[in-house]
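Given next are the chains, with one letter for each unit.
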Amino acid sequence: MITLITPVGTSLFTNYLDKNASNSMFSRNYDRIKKEPASNWNKDRRISEAIKNLGLSSEDFIRSSGIKASAELQSTAKIQNELQAKIKVHFLASDTIASRLAAEILRDQINNPNFILGRQIEAKFNSDPTVGKVDVIPNLQVNNRTDFSRDGMPNLFHKINDIKDWEAGGNQNLAINITAGYGATLPYLTIFGQLERVPLYYNFEASNELIVIPQAPLAINWDLIKRHARVLAQIDKGIDAHNWPHFKKTNHQAVEELDAFIWWDISAGACLSPIGVIFWEQYLKSHFVVELTKDVTNDTIFERMVQELYRRLNKVLSPNDFTSPNCYQTIRDLKDQNDLNHTGPVPRHNIFIFKWTDDTQRRLMYSFEVNGRVITRIKIYNKRDEHLNAKQYEDWKDQISRNHSTIVFATHTFETPTES
């Protein structure tokens with residue numbers, strides 16, 4: 001089965017209005033919701049009534065018009081015919097009521113056993129947070145450029161990566177339908193598809209022609225990213241507006257060479273741009289970020305310790321663990337003499353102690369972050385060479401527990417270790 005990621009636009013409603021211009025009630029209801037954020041779904045009774053009326057009318061329109069009712073339906077039919085495979089359409093809605101409503105209507109109509117698309121196509125879309133991760137992308141909207149660039153596009157990429165890793169089982173069973181949704185996402189999704197080797201499909205609704213965007217032999221300057229990985233890792237965490245001028249001055253060459261990778265706003269500060277997110281997360285598939293309280297990357301023993309910590313974590317964490325809460329709980333569940341949870345976790349925090357026993361009795365206090373199916377960041381709170389007795393451990397852990405949020409970290413990247 002092919003998972004076909006499909007951003008949802010509003011052609012279902014605009015197509016209806018093109019053919020039913022005299023339906024003033026539908027027009028008024030659509031005007032009432034079309035600029036409303038998805039968070040306002042249940043906040044206004046008039047909006048709720050508009051949603052209900054639009055839904056009923058749109059369902060009738062789909063039944064009478066078939067796949068021509070919307071860009072999503074027509075393109076899905078064309079893509080399925082091209083692939084000649086069973087397809088699961090995974091709809092993704094923008095952060096608007098109109099997109100969420102269209103996605104729910106299209107999902108229900110596709111999954112209707114009598115629908116024209118047939119049994120080779122099924123649809124998935126979740127807007128209920130009580131039953132799992134929702135498919136409405138926060139801040140993916142075009143009314144606020146800052147929110148779109150800083151949060152909306154990165155949220156979309158993270159969602160697509162989650163679907164690729166957890167649902168499709170890799171890029172070989174994944175495709176993206178870029179026919180509908182916001183036009184502003186198209187250049188970013190095209191770059192994403194090229195790097196991830198995911199085919200993209202676009203259907204010209206007027207002519208019914210299907211375009212497949214081929215895989216190009218891109219030559220990526222990964223040395224540039226490797227050379228400035230420390231700077232990118234810091235920008236990835238976000239730099240506030242007050243600190244950005246000093247950071248930019250201190251890292252002038254890196255900021256200049258990475259201009260396309262950086263988004264900044266005079267009041268919001270700096271973070272990775274949508275293009276920066278794509279390339280940085282691709283880079284992290286062969287590297288991971290380490291944040292240190294001491295700059296000790298020239299210490300080869302320390303580097304071996306960090307590499308061994310990464311290996312051991314990946315060995316203990318099963319594929320089903322790779323959400324942050326599950327990962328932390330797995331480490332907590334290890335007995336407190338396990339090398340990954342030596343003496344137990346730091347109270348009230350997801351901070352643990354790793355005991356390295358290969359050469360010497362060394363220990364690291366650490367925490368970590370995951371993204372998709374990989375560990376992307378390890379934070380080292382201290383580097384200890386000496387053996388500590390139980391009382392010293394408890395004092396040390398208590399101190400970190402109270403003060404860890406104020407610690408200043410240096411950022412580095414390490415190559416992902418390969419299994420020997």
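Refer to the structure printed above.
Structure report, in brief. (Residues numbered from 1 in each chain as written. Predicted model: local features only at pLDDT ≥ 70, side-chain atom pairs only at ≥ 80, totals over all residues. Heavy atoms only, no water.)

Some words on the environment of Ser 48
When you line up the elements, Ser 48 lands in helix H3 (residues 45–65). As a C-alpha pair, Ser 48 and Asn 29 span 19 residues in sequence and 9.9 Å in three-dimensional space. (Helix = DSSP H or I, 4+ residues; strand = E, 2+ residues; numbered from the N terminus.)

Quick word on the packing of aromatic side chains
For the structure shown, the criterion picks out 15 aromatic pairs. Each ring, one from Phe 13 and one from Tyr 30, has its centre 5.5 Å from the other, and the planes form 40°; the classification is tilted. Note that Phe 13 is positioned in helix H1 (residues 11–19) and Tyr 30 in helix H2 (residues 24–33), a separation of 17 residues in sequence. Take Phe 13 and Tyr 30: they sit in the same class, and that class is buried. On the basis of an interplanar angle of 80° and a centroid distance of 5.0 Å, the ring pair of Tyr 202 and Phe 204 is categorised as edge-to-face. (Phe/Tyr/Trp six-rings, centres within 6.5 Å; stacked < 30°, edge-to-face > 60°. Buried < 20%, exposed > 50% of the residue type's maximum accessible area, 1.4 Å probe, protein only.)

Some thoughts on the pairing of strand E8 (residues 269–272)
For strand E7 (residues 262–265) and E8, the ladder comprises 4 bridges, and the chain directions are antiparallel. Among the inter-strand pairings, Trp 263 is bridged to a residue of E8, identified as Cys 271. In sequence, E7 turns back onto E8 through a hairpin of 3 residues. (Pairing = 2+ DSSP bridges.)

Some words on the packing of helix H6 (residues 145–168) against helix H12 (residues 274–283)
When two helices pack together, their arrangement is given by the angle between the helix axes and by the axis-to-axis distance. As a packed pair, H6 and H12 sit with axes 9 Å apart at the nearest point and diverge in direction by 35°. The handedness of the crossing between H6 and H12 comes out as right-handed. The segment H6 lies against H12, with Ser 149, Met 153, Pro 154, Phe 157, His 158 and Asn 161 engaging Pro 274, Val 277, Ile 278 and Glu 281. Classifying every residue of the contact of H6 with H12 by side-chain character gives 6 nonpolar, 3 polar and 1 charged. (Axes fitted to C-alpha atoms, helices over the stretch in contact; angles between N-to-C directions. Left-handed = near helix turned anticlockwise from the far one by under 90°. Contact = heavy atoms within 4.5 Å. Nonpolar A, V, L, I, M, F, W, Y, C, P; charged D, E, K, R; others polar.)

So, the sheet that holds strand E6 (residues 209–213)
What the 6 strands build is an open sheet, ordered E3-E2-E1-E4-E5-E6; its pairing is mixed. This sheet does not close on itself; its edge strands, each paired only once, are strand E3 (121–124) and E6. Each neighbouring strand pair of the sheet contributes to a mean axis angle of 25°, computed without reference to strand direction. Packing against the sheet, helix H5 (residues 97–110) makes contact with strand E1 (2–8), strand E2 (87–93) and E3, and its axis sits at approximately 160° to E2. Against the sheet, H6 engages E1, E2, E3 and strand E4 (174–177), with an angle of about 155° to E2.

A look at unusual backbone geometry
Even without being a glycine, Arg 197 presents a positive backbone phi close to 55°. The residue Arg 197 is located in the loop between helix H7 (186–196) and strand E5 (200–204) in this model. Here Arg 348, not a glycine, exhibits a phi torsion of approximately 70°, which is positive. In this structure, Arg 348 sits in the loop between helix H14 (324–333) and strand E10 (352–356). Relative accessible area serves as the criterion here: at 66%, Arg 348 is assigned to the exposed category.

Remember that the coordinates give geometry; whether it matters functionally is a separate question.
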